[in-house]
Amino acid sequence: MQETTNPSIGLGRSGKIFLTALVVWILAQLIRFIAIPLITSVANGIDAPGWMYPAILDVVTAILAVPLAIAIWKWREFTVWTLTIVYFTLSIVDHIGALTNLTLIGEPIAFEQFNGGGNPYAAPVVQTVLDVVFFGLLFMPRFRGLFFQLSKPKN
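Note that the structure is predicted; figures quoted are calculated from it, not measured.

About the thresholds
Residues numbered from 1 in each chain as written. Predicted model: local features only at pLDDT ≥ 70, side-chain atom pairs only at ≥ 80, totals over all residues. Heavy atoms only, no water. Helix = DSSP H or I, 4+ residues; strand = E, 2+ residues; numbered from the N terminus. Buried < 20%, exposed > 50% of the residue type's maximum accessible area, 1.4 Å probe, protein only. Contact = heavy atoms within 4.5 Å. Areas by Shrake-Rupley, 256 points an atom, 1.4 Å probe, with all protein chains shown as cover. 1 Å grid on protein atoms, 1.4 Å probe; cavity = no way out; pocket = protein on both sides within 12 Å on 5 of 7 lines; lining within 4 Å. Points joined across faces, edges and corners; volume = space filled by probe spheres on them. Nonpolar A, V, L, I, M, F, W, Y, C, P; charged D, E, K, R; others polar. Salt bridge = Lys/Arg side-chain N within 4 Å of Asp/Glu carboxyl O.

Peer 1: What should I look at first to understand the overall build of the protein in this one?
Peer 2: In terms of helices and strands, the protein carries seven helices and two strands. Listed by position from the N terminus, the elements making up the protein come as β-α-α-α-α-α-α-α-β. In the protein, buried positions account for 37% of the 155 residues. Taking the contacts inside the protein whose residues are at least 6 apart along the sequence as the reference set, 78% of them involve residues at least 24 apart. On the protein, roughly 8,900 Å² of surface is accessible, and the fraction owed to carbon and sulfur atoms is 70%.

Written out as structure tokens, the structure is:
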């Protein structure tokens, strides 16, 4: 019978920094609950229906953020790594949808109050870049290995 070891044992400095940054970035996605007013706005006919899909994906990524962050911190393993890859894929698809809608439809009325007259492309572009960076880092052997440590046999 094998017993899993404490996930924080054996982490080097770069591993701890990477995992901390990853968890912080994922928890920062809680801000995506801001899409709930957009869903309401689309449902009430104020904003274009094209915004519903990115808004729903925003809420889904926000809902999944806390459980995924806990899983990364506590149970790093193949399944958690795979879920993290799927999470960032979903997030990137959402941002691409938002950027496409900004170009084709324009900024949603529901978000004009949050933007304050700034560039509506800034937030989704920065978020996409950070998602792609973490996505890529998860495939690097040094960081992927943080999720693929084998259990040590119990003596």
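Peer 1: Please explain the layout of surface pockets as it appears in this structure.
Peer 2: Over the atoms a probe the size of a water molecule is rolled, and this reveals where empty space is left. As a volume, the largest pocket reaches approximately 510 Å³. Lining the largest pocket we find 23 residues, and of these Ile34, Phe111, Ala123, Pro124 and Gln127 sit closest to its centre. Mapped by element, the contributors of at least two residues to the lining of the largest pocket are helix H3 (52-74), helix H4 (78-104), helix H5 (109-115) and helix H6 (122-139). Among the elements that take part in the lining of the largest pocket, H4 stands out by supplying four residues, more than any other. When its residues are assigned to classes, the lining of the largest pocket shows 15 nonpolar, four polar and four charged.

Peer 1: Explain the pattern of salt bridges here, please?
Peer 2: Opposite charge on two side chains allows them to pair when their charged atoms are near. Enumeration over the complete set of coordinates arrives at two salt bridges. The salt bridge partner of Arg32 is Asp58, with a shortest N-O separation of 2.8 Å. Placement of Arg32 in the loop between helix H1 (13-28) and helix H2 (36-43) and of Asp58 in helix H3 is noted, with a sequence separation of 26 residues between them. With a shortest N-O distance of 2.4 Å, Asp94 and Arg32 are connected by a salt bridge. With Asp94 in helix H4 and Arg32 in the loop between H1 and H2, this pair connects stretches of sequence that are 62 residues apart. On the accessibility criterion, Asp94 (1% relative accessible area) is buried.

Peer 1: Could you clarify how one ought to interpret the side chain of Asp58 in this entry?
Peer 2: A residue is classified by how much of its surface remains accessible, and Asp58, at 15% relative accessible area, is buried. Here Asp58 is in contact with Arg32, Ala35 and Asp94, once residues within four sequence places are set aside.

Functional significance is not addressed by these values, which are geometric in nature.
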